[in-house]
Amino acid sequence: MGQLKLIALDQIRLDGATQFRDQINQDVVKEYKQAMLDGAEFPPMQCTFDGTHYWLWDGFHRYLAIKSIGIKQAEVEFMPGAQEDAQDLALSANAHHGHNRNNETKRKQVEAALAMTRHAEKSNREL
């Protein structure tokens, strides 16, 4: 379990190759936005923190919904880690919750893992 912290959205890095979905589903963003406006509570976004940057690895749809409302900060759950750690964690994001992964997203995650030299020695089962 990581630490919880309220941080400015502009401190969250989205450009770390930690989004493996084939695309952002704008209907889901709108659905989350409306639910948030209606008072629904969502789990905090998940990040790694390398001492300088918060690397988002789970919660891209939530991030975009929050931003579309005009909110400038949000609660994140973070753990110490680098951009590579966020990439590794993102490979399994949404396996059991959130907006379901489609086959294209799953394929993209597997291909990304196989392309990462740090995973070259891992078996198919480990990946």
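The rules we used
- Residues numbered from 1 in each chain as written.
- Predicted model: local features only at pLDDT ≥ 70, side-chain atom pairs only at ≥ 80, totals over all residues.
- Heavy atoms only, no water.
- Helix = DSSP H or I, 4+ residues; strand = E, 2+ residues; numbered from the N terminus.
- Contact = heavy atoms within 4.5 Å.
- Pairing = 2+ DSSP bridges.
- 1 Å grid on protein atoms, 1.4 Å probe; cavity = no way out; pocket = protein on both sides within 12 Å on 5 of 7 lines; lining within 4 Å.
- Points joined across faces, edges and corners; volume = space filled by probe spheres on them.
- Nonpolar A, V, L, I, M, F, W, Y, C, P; charged D, E, K, R; others polar.
- Expected span 1.5 Å × (residues − 1).
- Buried < 20%, exposed > 50% of the residue type's maximum accessible area, 1.4 Å probe, protein only.
- Arc of directions from axis to C-beta.
- Polar contact = N/O pair within 3.5 Å; in protein donor to acceptor, adjacent residues only side chain to side chain.

For G2, the location among the structural elements is in the segment before strand 1 (3–8). Sequence spacing of G2 and M79 is 77 residues, and the spatial spacing of their C-alpha atoms is 4.8 Å. In this view, G2 contacts E77 and F78; residues no more than four positions away in its chain are not counted.

The next thing to look at is the pairing of strand 5 (residues 73–80). Summarising the sheet, strand 1 and strand 5 pair through six bridges and their orientation is antiparallel. Of the residues in strand 5, the one forming a bridge with I7 is A74. Note that strand 3 (residues 45–49) and strand 5 share five bridges and pair parallel. The residue of strand 5 that forms the bridge with F49 is P80.

Attention now goes to the layout of surface pockets. In this structure, the largest pocket occupies an estimated 310 Å³ of space. Lining of the largest pocket is provided by 15 residues; of these, M36, F42, I66, A74 and E75 occupy positions nearest its centre. Tallied by class, residues from the lining of the largest pocket come to 11 nonpolar, one polar and three charged.

With that settled, the discussion passes to helix 1 (residues 26–37). Over its 12 residues, helix 1 runs 16 Å from end to end, which matches the ideal 16 Å to within 8%, given 1.5 Å per residue. For helix 1, the full list of buried residues reads V28, V29, Y32 and M36. One face of helix 1 carries all of its buried residues, which in axial projection span an arc of 100°. Residues of helix 1 that are exposed and point more than 90 degrees away from the buried face comprise D27, K30 and E31. N-capping of helix 1 is provided by N25, with a side-chain oxygen placed 2.9 Å from the backbone N of D27. Looking one or two residues past helix 1, G39 carries a phi angle of roughly 100°, positive in sign.

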